[in-house]
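Here are the chains, one letter per residue:
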Amino acid sequence: MTCLRFSVLSRRATDVRHIALAALLGLPLAALTGGLALAQTSANPPAAAAPAGTSSTPAPSQPAAGGDGYVFGSPPSVQANRLYSINARTGEVSACQFERPEGSVVGVTRCFPRDASAGPGEPGTYDIIATRYSGETGVFRVNVKTGDMSVCYVRDMPKDGGGVEASVVCTAPAR
């Protein structure tokens, strides 16, 4: 009985370590149902190590079938506490980040207003691509159908009446 009990406790400890490792590596929780070996032998081979001075950023999520819905991505900078989203049909870009106001126990999600340049564009199929440049805090907005690309980021923009306000802005589309 003692041996069986030790085996169960040992198994639980191993499961906890596998879950922690999977979370650290960003593996899907579903991969854990078959154990760590299943996660390591999935159809997706491990990503190659990033060259020195770059970040190993995971690929953005894929647009929904037909280009409907949203795609989410983050910049490679470890200093950027930000997540971008793009409407896969219109190209409209949004950005939000986590903040914890001083003296507050609970944080807030702060979403930035959008400049007209980050608004809807020509109908198409849009995606977000992050570079591997570790200092980059923006993302590329790409129209998969036309090949047009623009860089979107958060920048302090002048407000009417003075002052500045952080807003999502995008460069003009180019190829």
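Further up the page is the structure itself.
A quick note: this is a predicted structure, and the numbers were derived from the prediction, not measured. (Residues numbered from 1 in each chain as written. Predicted model: local features only at pLDDT ≥ 70, side-chain atom pairs only at ≥ 80, totals over all residues. Heavy atoms only, no water.)

Undergrad: Sorry if this is basic, but what is going on with the overall build of the protein chain here?
TA: The helix and strand inventory of the protein chain stands at 2 helices and 8 strands. Starting at the N terminus, the α and β elements of the protein chain follow one another as α-α-β-β-β-β-β-β-β-β. Residues classed as buried in the protein chain amount to 26% of the 175 residues present. If you take every contact in the protein chain between residues at least 6 apart in sequence, the share linking residues at least 24 apart comes to 44%. (Helix = DSSP H or I, 4+ residues; strand = E, 2+ residues; numbered from the N terminus. Buried < 20%, exposed > 50% of the residue type's maximum accessible area, 1.4 Å probe, protein only. Contact = heavy atoms within 4.5 Å.)

Undergrad: What is the right way to read the side chain of Ser150 from this model?
TA: Residue placement: Ser150 occurs in strand 7 (residues 149-158). Given a relative accessible area of 3%, Ser150 falls into the buried group. Excluding residues that lie within four positions of it along the chain, Ser150 makes contacts with Val139, Phe140, Arg141, Cys170, Thr171, Ala172 and Pro173.

Undergrad: I'm lost on the state of the cysteines in this one. Help?
TA: Disulfide: a covalent bond formed between the sulfur atoms of two cysteine residues. This structure, assessed with the given rule, holds 2 disulfides. Put simply, Cys96 and Cys111 are joined by a disulfide, and their sulfur atoms are 1.9 Å apart. Torsion about the S-S bond of the Cys96 and Cys111 cystine: about 100°, corresponding to right-handed handedness. Taken together, the residues span a long stretch of sequence, with Cys96 in strand 3 (residues 93-99) and Cys111 in strand 4 (residues 108-111) at a distance of 15 residues. For Cys111, a relative accessible area of 46% corresponds to the partly exposed category. One disulfide bridge connects Cys152 with Cys170, the sulfur atoms lying 2.1 Å from each other. A torsion of 110° about the S-S bond marks the disulfide between Cys152 and Cys170 as right-handed. Of this pair, Cys152 sits in strand 7 while Cys170 is found in strand 8 (residues 164-170), placing the two residues 18 residues apart along the sequence. (Disulfide = S-S within 2.5 Å.)

Undergrad: Please clarify how the side chain of Gln97 should be interpreted in this entry.
TA: Inspection of the secondary structure assignment puts Gln97 in strand 3. A polar side-chain atom of Gln97 sits 2.8 Å from a polar atom in the side chain of Glu99. (Polar contact = N/O pair within 3.5 Å; in protein donor to acceptor, adjacent residues only side chain to side chain.)

Undergrad: Sorry, what's going on with the sheet that holds strand 4 here?
TA: The strands making up a sheet are joined through hydrogen bonds of the backbone, oriented either antiparallel or parallel. Ordered by their spatial adjacency, 4 strands build an open sheet running 1-2-3-4, and the pairing between neighbours is antiparallel. The open sheet terminates on both sides in strands that have one partner only, identified here as strand 1 (70-73) and strand 4. Pairwise comparison of adjacent strand axes, ignoring direction, gives a mean angle of 25° for this sheet. Note: strand 2 (residues 82-87) against strand 3, 5 bridges, orientation antiparallel. Across the sheet, Tyr84 pairs through a bridge with Ala95, a residue of strand 3. (Pairing = 2+ DSSP bridges. Axes fitted to C-alpha atoms, helices over the stretch in contact; angles between N-to-C directions.)

Undergrad: I tried to follow the sheet that holds strand 5 (residues 126-129) on my own but got confused; where do I start?
TA: Within the open sheet, the 4 strands sit side by side as 5-6-7-8. Their pairing is antiparallel. In the strand order of this sheet, the two ends are held by strand 5 and strand 8, each with one partner. Across the sheet, the mean angle from the axis of one strand to that of its neighbour is 30°, orientation sign disregarded.

Undergrad: What is the right way to read the nonpolar core from this model?
TA: Most often, soluble globular proteins keep nonpolar side chains buried together rather than apart. One finds Tyr84, Ile86, Val93, Ala95, Phe112, Val154 and Val168 to be the most contacted residues of the largest nonpolar core, which totals 16 residues. Secondary-structure elements contributing two or more residues to this core are strand 2, strand 3, strand 5, strand 7 and strand 8. For this core, the leading source of residues is strand 8, giving 3 residues. Leaving out residues up to four positions away in the same chain, Phe112 has contacts with Arg82, Ala95, Cys96, Gln97, Val154, Ala166, Ser167 and Val168. (Core = buried A, V, L, I, M, F, W, Y, C linked by side-chain atoms within 4.5 Å.)

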